[in-house]
Every structure is written in C-alpha cells, then in structure tokens.
Amino acid sequence: MKNKHPIPGPLAVIGLLVVIQASAQTPAPDALTLMNMGRFDEAKQKLRQDAQQSPGMQTYFNAGYGYLRAGQPDSARIWFEKGVPSDEKRVPLNETGIAITHLVQNNTTEASAKLADVVKKSKGKNADILYRIGEAYTGYLTPDSGSIKPRYPQVVNAASAIDYLNRAAERDKKNASVQLALGDAHYLNKDAGTAVTRYESALEMGLDASRVYQRIGDIYWQGRNLNLSVENYKKAIEANPRYAPAYRQLAELYYLVNRYKEAANYTDQYIRVSGDRRADMLLRSAQFHFLANNFQQAVNVIDSNRAVLAQNPIVYRIEGWAYSSLKQPRKAIENISTFLEKAPQKAMPDDYKYLGRAYLAQEGFANDSLKAQNDSVGIAYLLKAAPADTSENLYSDVAKYYYRTKQHPQAVAALDSAAKHGFKADMQDLFRYGMSNYTLGFARDSLGKLQRDTLRFAKADSALALAQQGSPDYSPTVLYRAKANYYAYTPEEAVKNGKARPYFEQFIGMVSDKEEERKRYQKDLVLAFKYLISYHELVTKDLTARADWLKRGLSLLPNNTDLAKIATADTDDSTDQ
C-alpha cells in the first residue's frame, strides 16, 4: 500500500497529543456523539439521566434509542414503553421504537403490524418516523475490528431502507442524519458510489465531520482503496482528535497490510482516547506490539493490566512468545507451559516453536548431561512444530543443532525434511549438508574397518558446489570439495581420475598469502601439494609442473617432513643418475 499520508513523526505526534490534551478541557460530548464514538455505556448513562430529569416523548425515545444502538433491544423497549403515553397523536415516536425492537429481534409478525400502525397514525408524512424505520432496516452500521457491519444483520433490507429514507428526505431535505443513513443503505445495496455521495451530502449539511469521514473511509476500505481509506480516517481525527472509531479502524487497516508498528500505535491511541479498556482491546494492543517486534511493550501491556487480562489464557502465550524473543528462556518456558496447561485445545505449532527455542537457549546447567537432556526437549518441540510452519524453516534450526553436536545422520535427515517441505536451503544449510555427508562418507563395517561411502561423498560435493556458488570466497567449501573427491576413491584412483585437482589448486591459491589460514590448514595443504605432485608425476608426466608444485609447497611449508622427503628422494635419484 502506498501511503500518501505517512504516519506523523515525533513532532507531529507531540502536536497531536497537545491537541488531545486541549480538547480534554472542552465540554463533554453529548450522548449522540458518544454513541457515534462507540462509547455506549457513557451515552446510555447520559440518556437515562435526561429521561429521568426531563421526562417526555423525545427523552424517553432517546434513552431507548441508545440501548437499541448498543445492541440491547429488550432494555430499549422498556424506555420506549415509558415514552408511549408522551407520544403526540400524529407522532407515535416511541411506538415506532417498540416496533423496531420487535423488528431487530426477528419478531416479524409483531413488527410488521406495529410498523404499519405507526405509519398509518403519522399518515406516512412524519420525516423522523420514516427516518427511524429506514435506519432500522440498515441494521445500524457500526465499525467493528476493521470492518463495517450491521449491528443487527438479520434485519437488513436495503430496498426498504432506501424507500423509507427517500420518503424522509423528501419531507426534510436538510436532515444530515437521513443522508448518512441513506449512505449506509446504498452501501448495503452494493452501490458504493451513491453511498459516498450521500455521506458527502451529510457532511455539507453539517453532520459531525469525524463520523462522516470515518464512514467514507469504511466504504473505501471495503472497495480495497486503502490509500483513500487512510486519508479519510485521518481527516476524521483531524476534525476531532477524540473520535475513537477512526483510530481503531486505522489500527486494523495497518494490521491488514502488515504494518504492525502503526497498528500498535493507533490501537494504543484508541484505548487512550476512548477509555475502552476491555480485555479484548488490551489483548489486541499486546498482540500488535508483539507483531511489531516490540516485545517488551507487549509484556508491559499485559503486566500492567494483569487484573483485567488474567482470565484469558492467551496472555500467557503472548508473554511466552515475547520472552522467547527477548532471550529470557526461563520466563518463556514458564508462560508457554502455563498456556498449554490452561488451554491445551488451543495449542498451535508456534507454541512449540517458541517453546523449543526457549529450551535450546537455556544455559547454566550443572553438567553437560543436563544440558543435553534440556536440548533434546527443545529439539523435540521444534520437530513437532516444523511440519506445519510454512514461514520459517525450523528444520534448519534442528539441523544446526545436530551439526554442532556432531549428530550428522540427524542433521542430514532434518535438511532432507526441509527440502521435502519445500524450503530452499541457504548457504549455511548447504554447507552443513555437505559437511555432514562428508563425515558420514567415512563409514565403518561391523569390524570397524573403514568403508568409503562414495554416494555420501558425491552428495557432499554436490551440496558444497551449490554453497560455493553463493559464497565463492569461503575456503573451507573449496577444501572439502577437494577432499570429498579425493576420499571417495583409493589414493591411486583419486590421483588418476583428477577430480580433486582443480579444487586443491584453488584452495592453495586462496590460503597461500594468509598466514593464519596456512597454520590452520597445514595438514590439508600438505595433502593438496602431495596430490598435485603425484598427479603431474603419474597422469600428465609433466615433470616441470611437478617440480613447481614441490617447490611451492616447500616455500609455504619449509618444515614439513613429507615434502622434504619427496625433495630428498628427487635429489637422490638425480645423484644416482
């Protein structure tokens, strides 16, 4: 997603906080605004107080409407019933509310009769009643975790909504709320263009700009135009920095496109602005911080809200994964194990992945035996997670452990499994695969006699050849290609077929001018020089080349007795002649 409006930098964020703090000193929002912001508990409290302090048709209806919008039709009906005696003869507003409660509860027979009755009593001319019925048929759209959904999906009837709302608009052409509801109805009718036009009309008529921009953002989101969606959500925040739904929608949108840092940031702003500290919102914050690799903040969110989150076992999973990434393996093991005990039915491969890594990261054991036992548990967990993990090659982690502990058959098996599961080996995997097969090439029979495994040496050379392509300057790769091609045969066969020759030559060239590497690979250099001397003696019969390799070997390894013996023998032969 190309974002034409980047997330604000530090100074902009500071400026936004100043605006938020300043707005906190402004008069408290009214009940309708609170409802539109999703703060239904506060809205219902205000509406109840208004109805109790100033009982009448409108205040009773407003109280019922608050409960209706909050998804509590039974409670809404109680307030509407209180208001019926206050209804005017031609304005059966609270009777309309009662009819709508039956509608949203799927009590179709009762709802139809009562709706027909209120339309008859108002002669189909009261704009407010037509608007309320039309809005009810939209199911009351509300932003919800990054989507826009009807509160009452079972009641949605876009055609009926448009019909009633158009009739309301004819009688009250400047009613912004009607235009907003018409936008909702056209959205439900899969006519996004007309929906946006109606929302824009509501804005022109003076409806709360934040709510309108949020709605337009929702529409663009559903149409997958995420740039315009972000643009409108930010406009909603600019219009009112305390308009919480826009923060939440931005958080979910950024989560959708894997921009977890922004998702966590906007979730935290939503919580701060809305005061919504429900467990699921706090958990969302912790999850987003974890995904953003802000592991410590994920832990902090959980620890500072332990009382609210304690009943949800998922918090142990998040903390366990976070502690594993924070290299605190004991805490990781403790939390993930607690999660698996409390919610075994929710176990997933990643639980075993992080648990396995935590076991392997543990240190401080009294002896190697205890460390080995601990590591074997970690490997068992990784192998349990590996088949289902399509994003990370856990077989590579397993192979690394087996290679390090010289368990070469297991290392080869792990990398073979990685290939079967579609993972492409990286340079380190290829090198380990080659080296483990090289080591296994020196097989022993039941009597302990050496049995060269030509197939293992061939696999070693093949893997090391691929590793060399990716890292051509790594001398051990070249050396072990030479040795794999040498030890696959008897010494005489290896010299005569010459397969090791180019790699021995290349290896000598790579380390000749590096003193530390000459010391480290002294024995291998001796083997390389002896091979090349023999090759030119037996195969090419090029005595000049033979003499050059001997001279070069003595120059680099002047104290080597094997090369000195060859030189002495040459001298003796020359004297005899």
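Every value quoted in this text rests on a predicted model; they were computed, and no experiment measured them.

Lay out the packing of aromatic side chains with the relevant residues and their values.
Applying the stated criterion to the full structure yields 31 aromatic pairs. Taking the centre distance of 6.1 Å and the plane angle of 15° together, the rings of Tyr-137 and Tyr-164 count as stacked. With Tyr-137 in the loop between helix H8 (127-136) and strand S1 (141-144) and Tyr-164 in helix H9 (residues 158-171), this residue pair connects regions lying 27 residues apart in the sequence. The buried category is assigned to Tyr-164, whose relative accessible area is 15%. Ring pairing ties together the aromatic residues Tyr-438, Phe-442, Phe-457, Tyr-480, Tyr-486, Tyr-487, Phe-504, Tyr-531 and Tyr-535, which thus form one cluster. Geometry around Trp-79 places Lys-82 over its ring, the cationic atom sitting 4.3 Å from the centre. In this arrangement the basic side chain of Arg-284 is found over the ring face of Tyr-255, its NZ or CZ atom lying 4.9 Å from the centre.

A description of the environment of Arg-171 should follow, citing residues and the corresponding values.
On the secondary structure map, Arg-171 appears in helix H9. For Arg-171, a relative accessible area of 40% puts it in the partly exposed group. Once you skip the residues sitting within four places of it in the chain, Arg-171 turns out to touch Gly-124, Lys-125, Ala-127 and Leu-130. Among the polar contacts listed, one links the side chain of Arg-171 to the backbone oxygen of Arg-167, at a separation of 3.2 Å.

Go over the packing of helix H12 (residues 209-222) against helix H13 (residues 226-239) with me, naming the residues and quoting the values.
Two packed helices can be described by the angle between their axes and the distance between those axes. It is at 8 Å that the axes of H12 and H13 come closest, and there the two elements cross at 170°. The orientation of H12 with respect to H13, classified from their angle, is roughly antiparallel. Note on element contacts: H13 touches H12 through Leu-226, Leu-228, Ser-229, Asn-232, Tyr-233, Lys-235, Ala-236 and Ala-239, opposite Ala-209, Ser-210, Tyr-213, Gln-214, Ile-216, Gly-217, Asp-218, Tyr-220 and Trp-221. Its residues placed into classes, the contact of H12 with H13 shows 10 nonpolar, 5 polar and 2 charged.

Can you lay out the side chain of Gln-214 for me, pointing to particular residues and giving the numbers?
With respect to the secondary-structure elements, Gln-214 resides in helix H12. Taking the relative accessible area as the measure of exposure, Gln-214 reaches 1% and is therefore buried. Among the polar contacts listed, one links the side chain of Gln-214 to the side chain of Asp-218, at a separation of 2.4 Å. Side chain to side chain, Gln-214 and Tyr-243 meet in a polar contact 2.6 Å long.

Residues and numbers for the nonpolar core, please.
Nonpolar side chains tend toward joint burial in soluble globular proteins. Membership of the largest hydrophobic core comes to 57 residues, with the highest contact counts inside it found for Leu-250, Tyr-266, Phe-290 and Ile-318. In this structure, Ala-43, Ile-100, Tyr-164 and Leu-165 belong to the second largest nonpolar core, which totals 48 residues.

Definitions and limits used
Residues numbered from 1 in each chain as written. Predicted model: local features only at pLDDT ≥ 70, side-chain atom pairs only at ≥ 80, totals over all residues. Heavy atoms only, no water. Phe/Tyr/Trp six-rings, centres within 6.5 Å; stacked < 30°, edge-to-face > 60°. Helix = DSSP H or I, 4+ residues; strand = E, 2+ residues; numbered from the N terminus. Buried < 20%, exposed > 50% of the residue type's maximum accessible area, 1.4 Å probe, protein only. Lys NZ or Arg CZ within 6 Å of the ring centre and 35° of its normal. Contact = heavy atoms within 4.5 Å. Polar contact = N/O pair within 3.5 Å; in protein donor to acceptor, adjacent residues only side chain to side chain. Axes fitted to C-alpha atoms, helices over the stretch in contact; angles between N-to-C directions. Parallel < 35°, antiparallel > 145°, perpendicular 65-115°, else oblique. Nonpolar A, V, L, I, M, F, W, Y, C, P; charged D, E, K, R; others polar. Core = buried A, V, L, I, M, F, W, Y, C linked by side-chain atoms within 4.5 Å.

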